[in-house]
Amino acid sequence: MKTFSAILSAMVLIFVSCQGQEVSTATQIKEEASLIPGEFKEGQLVKVDKDNQLWKKELSDQEYYILREAGTERAFTGDLWDHKGEGTYVCAACGLPLFSSGTKYKSGSGWPSYYEPIKEEFVAEKKDDKFGWNRIEVLCARCDGHLGHVFDDGPEPTGLRYCINSYSLDFVAEKP
Ligand code: FE
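This is a predicted model, so every value here is computed, not measured.

Novice: Mind showing me how you'd approach the pairing of strand β11 (residues 169–173) here?
Specialist: On any regular strand, side chains alternate: one points to one face of the sheet, the next to the other face. The element β11 is extensively covered by neighbouring structure, given that four of its five residues are classed as buried. Relative to β11, strand β3 (residues 87–91) runs antiparallel, the two sharing five bridges. Looking at β11, one finds that G87 is bridged to A173.

Novice: Just to check I follow, could you spell out the confidence of the model for the chain for this structure?
Specialist: It should be kept in mind that the predicted coordinates are not to be read in detail where pLDDT is low. On average, residues of the chain score 86 in pLDDT, and 82% of them reach the 70 mark or higher. pLDDT under 50 marks residues 6–28. Its contacts with residues more than four places away, or in other chains, come to 12 contacts.

Novice: Would you mind showing me how to read the sheet that holds β3 here?
Specialist: Think of a sheet as strands paired side by side through backbone hydrogen bonds, with each pair either parallel or antiparallel. The strand order across the open sheet built from three strands is β4-β3-β11, with neighbouring strands paired in antiparallel fashion. Sheet topology places β4 (97–100) and β11 at the edges, where each strand pairs with a single neighbour. For this sheet the average axis-to-axis angle between neighbouring strands, irrespective of direction, equals 35°.

Novice: It is not clear to me how the coordination of the iron ion should be interpreted in this structure. Could you clarify?
Specialist: Distances from the iron ion to its protein donors, C91 (SG), C94 (SG), C140 (SG) and C143 (SG), fall within 2.3 to 2.4 Å. Of note is the iron ion, whose four donor atoms meet at the metal with angles of 101 to 117° in an arrangement that counts as tetrahedral. A relative accessible area of 2% means that C143 is categorised as buried.

Novice: Would you mind showing me how to read unusual backbone geometry here?
Specialist: Outside of glycine, negative phi angles account for most residues, and trans bonds account for most peptide bonds. Here the bond from E156 into P157 is cis, since omega is 10°, no more than 30 degrees from zero. The residue P157 is located in the loop between β9 (146–151) and β10 (161–164) in this model. With phi around 50°, E42 is a residue other than glycine that occupies positive phi space. For E42, the location among the structural elements is in the loop between β1 (40–41) and β2 (44–45). E42 gets classed as exposed once you look at its relative accessible area, which sits at 82%. Even without a glycine there, the phi angle at F131 is positive, about 60°. Mapped onto the secondary structure, F131 falls in the loop between β7 (123–128) and β8 (135–140). On the accessibility criterion, F131 (65% relative accessible area) is exposed.

What counts, and where the lines are drawn
- Residues numbered from 1 in each chain as written.
- Predicted model: local features only at pLDDT ≥ 70, side-chain atom pairs only at ≥ 80, totals over all residues.
- Heavy atoms only, no water.
- Buried < 20%, exposed > 50% of the residue type's maximum accessible area, 1.4 Å probe, protein only.
- Helix = DSSP H or I, 4+ residues; strand = E, 2+ residues; numbered from the N terminus.
- Pairing = 2+ DSSP bridges.
- pLDDT = per-residue confidence, 0-100.
- Contact = heavy atoms within 4.5 Å.
- Axes fitted to C-alpha atoms, helices over the stretch in contact; angles between N-to-C directions.
- Donors = N, O, S within 2.8 Å, 3.2 Å for Na, K, Ca; no water.
- Tetrahedral: all angles 85-135°; square planar, octahedral: opposite > 155°, others 65-115°.

Take a look at the structure:
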């Protein structure tokens, strides 16, 4: 029994350290990330509709967990919370331009934070009562990918804080 417990503890330890390693390995800022502008038809944003099997092939495990299963990365572990540079943060799944570097600010939360999206129509909002919290979830309006949440404790001029997962975003630098 003792041996069994020892083996079990060792397995748990290995599992926990692997988990830790996975989370602490920051995603690489993709060089091939591309911005794919939003298209409107009869005033409506043209959607990207793919089933989850296809998303699973296109996205990394972490991206899939966050974008398609509404997961959350641990604070201060993503590659974009402290990222600086002039450019555009696009949806990691469909390339829709979501946030401009000009609206990114240091919130201290450990997640990339912006005070407004590039276009209101590009970010959808949904009530999220999970865990008994009254929050507003934000999603990419084109592919329905989960991005994060929006709170009303942001800076001027909007007073909003779009608290977004790094894994939901890719950065496309402004061309000189
Ligand atoms: Fe998207």
